[in-house]
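Listed below are the residues making up each chain.
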Amino acid sequence: MVDSARTVIEQAAALAAAYLESVGSRPVFPNVTAEQLRVALGRPMPDAPLAPAEVVRDLAAAADPGLVGSAGGRYFGFVIGGGLPAALAADWLTSAWDQNAGLYVAGPAASVVEEVVREWLVDLLGLPADASVGFVTGTQMAHVTGFAAARFHVLDAAGWDVGRNGLQGAPRVRVLVGEKRHVTVDRALRLLGLGAPTVVGADGQGRMRSDALAAQLAGHDGPTIVCAQAGEVNTGAFDPLEEIAEACRPAGAWLHVDGAFGLWAAAAPAYRQLAAGAERADSWTTDAHKWLNVPYDSGIVLCAHPRSHRAAMTVHAEYLVQTDGAQPVRDQLDWVPEFSRRARGFAVYAALRSLGRSGVAELVERCCRHARSFADRIATQPGVELLNEVVLNQVLFRYEDDARTDAVVERVQRSGRVWLSGTSWDGRRAIRVSVSNWQTGDEEIDLALETFRAAAAGDTRSGGSSTLDEALARNRHGAR
Ligand SMILES: *Cc1c(COP(=O)(O)O)cnc(C)c1O
């Protein structure tokens, strides 16, 4: 018996809803080994077809013990974010519609939705009204796209067509980055043949020193790309973008801003000032799948030079239809390093509409308020040293020494109540808390604080959250 599509989809919707309902009472990090998952998932490739409903049911059951509760409000690791209901549902529809979002002609709605989201984004983030946009997997590929546009543009200005001639024999392109840039910047540069960048020193919060940048730029007028950061991944600190833009201008340098999560500060009146000067850059990257709480994979690149952006990305082939009659239309493959791809615009559109301008601001401000509250209160716990100025949604702290810091993190992770990870800062171990999930509220912050208190005290008793701990124990036991 073949299941109807409706049967399978409705079953999946029920499984997904049940999962999301369970996230509040499951250990945030699963109590499972890779070997157990290999056993659960590692069935032989079947010789014959299986019923779709059975396949999906088995998959959900086998994957379940290995799922991390990052969709829920008790997850504070890395910078992750969950999925707003509207964005998640739009993401499902995107799969159902299965549009090839490479060309207008392969899915007109998928193309037009990107035009609309582009307009909303430049408005919300305070960027130039005519900036072009590309929807990619994440900030990693947004960097590749932005730097490719930059590479084209600065070499074009030097009379070199990098598309035709490549980099061999080209004028040298100098790339300057901050000491605390994200690792994805280096990989993007590597993929583009730009090699290892020149590193500009940073201050104690990880902000690029604009005086050091100005000194590096002085007396050099060759093709130059500068990469600044809006939101350092550990501290949340912003490079002084106004001063950096000022230093870039006389040097004719292209300014790229990594705003994977931090660029959203520009959408919140209370935090907009942090991003001041960002609008003067030449390209920007951000993620929808982090702070905007759109499901993975959803990164965004914006560019103040649409012609260079397009020139760096476009492909021409005889069979491609590039317009709709006389009407200019958006062929998405002109703006991203992909050809066939998922229609990523729909979920971003749904997230932005469901929040509205005030909702985006409120999401950003609420997360920052919770981070502030966590920081103020963790700093009063014994042995804790707060390491960052909490300017955004990231909190960085440590205990007396590396061994103790790591031991506390490990105990917190094992508790199943909340999850976050260790990191390194200034050559020492530290703990990073990121408040980026739309579901995180006072209760989750209180729980995180109590969990740290108990972990640091070596206290294994529940300490005030017995209902959750009972549920965690039950669910842990229920796991394989
Ligand atoms: C997460 C992050 C990236 C990489 O983004 P992906 O979406 O994971 O590719 C780059 N820069 C910063 C500052 C980040 O926080």
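Just so it is clear, the model here is predicted, and its values are computed rather than measured. (Residues numbered from 1 in each chain as written. Predicted model: local features only at pLDDT ≥ 70, side-chain atom pairs only at ≥ 80, totals over all residues. Heavy atoms only, no water.)

> Explain the domain arrangement of the chain to me, and be specific about the residues and the numbers.
Each domain of the chain was delimited in the assignment, giving domain 1 (5-68) and domain 2 (89-350). Placing a centre on the C-alpha atoms of domain 1 and another on those of domain 2 gives a separation of 36 Å. (Domains from an automatic or database assignment.)

> For the sheet that holds strand E6 (residues 283-287), give the residues involved together with the corresponding values.
One open sheet accounts for seven strands, arranged E1-E7-E6-E5-E4-E2-E3; its pairing is mixed. Unpaired on one side and paired on the other, strand E1 (132-136) and strand E3 (198-200) mark the two borders of the sheet. Neighbour-to-neighbour, the strand axes of the sheet open up by a mean angle of 20°, direction not taken into account. As defined by bridge partners, strand E5 (residues 254-258) adjoins E6 across three bridges and the pair is classed as parallel. If you follow His-256 over to E6, its bridge partner there is Ser-283. Lying on the sheet, helix H5 (residues 108-124) is in contact with E1 and strand E7 (299-303); it crosses E1 at an angle near 115°. (Pairing = 2+ DSSP bridges. Helix = DSSP H or I, 4+ residues; strand = E, 2+ residues; numbered from the N terminus. Axes fitted to C-alpha atoms, helices over the stretch in contact; angles between N-to-C directions. Contact = heavy atoms within 4.5 Å.)

> Requested: an account of empty space enclosed by the protein, with residues and values cited.
Under the defined criterion, the tally for this structure stands at three cavities of 30 Å³ or more. Its boundaries defined by the atoms lining it, the largest cavity holds a volume of some 60 Å³. Along its surface, the largest cavity is lined by Asp-91, Thr-94, Val-294, Pro-295, Tyr-296, Asp-297, Ser-298, Arg-342, Ala-343, Arg-344 and Ala-347. Class assignment for the residues of the lining of the largest cavity results in five nonpolar, two polar and four charged. By volume, the second largest cavity amounts to about 50 Å³. Forming the walls of the second largest cavity are Gly-178, Lys-180, Arg-181, His-182, Val-185, Gly-206, Cys-227, Ala-228, Gln-229, Asp-239 and Asp-258. The leading source of residues in the lining of the second largest cavity is strand E4 (residues 224-229), at three residues. Taken together, the residues that form the lining of the second largest cavity break down as three nonpolar, four polar and four charged. (1 Å grid on protein atoms, 1.4 Å probe; cavity = no way out; pocket = protein on both sides within 12 Å on 5 of 7 lines; lining within 4 Å. Points joined across faces, edges and corners; volume = space filled by probe spheres on them. Nonpolar A, V, L, I, M, F, W, Y, C, P; charged D, E, K, R; others polar.)

> Just give me the short version of the sheet that holds strand E11 (residues 394-398), but keep the residues and values in it.
Taken in spatial order, the four strands make up an open sheet running E10-E11-E13-E12, and their pairing is antiparallel. Strands at the two margins of the open sheet, each flanked by one partner only, are strand E10 (385-386) and strand E12 (421-425). Two elements, E11 and strand E13 (residues 428-434), share four bridges in a ladder whose sense is antiparallel. For Gln-394, the partnering residue across the bridge sits in E13 and is Ser-434. Contacting E11, E12 and E13, helix H13 (residues 402-415) crosses the sheet at an angle of about 35° to E13.

> Quick one: what's the story with helix H4 (residues 85-97), residue by residue and with numbers?
Compared with an ideal rise of 1.5 Å per residue, which puts 13 residues at 18 Å, H4 spans 18 Å between its outermost C-alpha atoms and is within 8% of the ideal. Within H4 the residues assigned to the buried category are Ala-87, Ala-90, Asp-91 and Thr-94. All buried residues of H4 fall inside an arc of 105° around its axis, so they share one side. Looking at the buried residues of H4, the elements they touch are helix H12 (345-378). (Expected span 1.5 Å × (residues − 1). Buried < 20%, exposed > 50% of the residue type's maximum accessible area, 1.4 Å probe, protein only. Arc of directions from axis to C-beta.)

> With reference to specific residues and values, describe the environment of Gln-205.
Along the polypeptide, Gln-205 turns up in the loop between E3 and helix H9 (210-217). Along the primary structure Gln-205 and Val-390 are separated by 185 residues, whereas in three dimensions their C-alpha atoms are 9.9 Å apart. Among all residues touching Gln-205, those that are not within four sequence positions of it are Thr-235, Ala-237, Leu-387, Asn-388, Glu-389 and Trp-425.

> So what's going on with the environment of Leu-396? Residues and values would help.
Counting through the fold element by element, Leu-396 comes out in strand E11. In this structure Leu-396 comes out as buried when scored by relative accessible area, which is 0%. In this structure the C-alpha to C-alpha distance between Leu-396 and Thr-235, which are 161 residues apart in sequence, comes to 6.2 Å. Ignoring anything within four residues of it in the chain, the contact list for Leu-396 reads Asn-234, Thr-235, Glu-385, Leu-386, Leu-387, Asn-388, Thr-423, Trp-425, Ala-430, Ile-431 and Arg-432.

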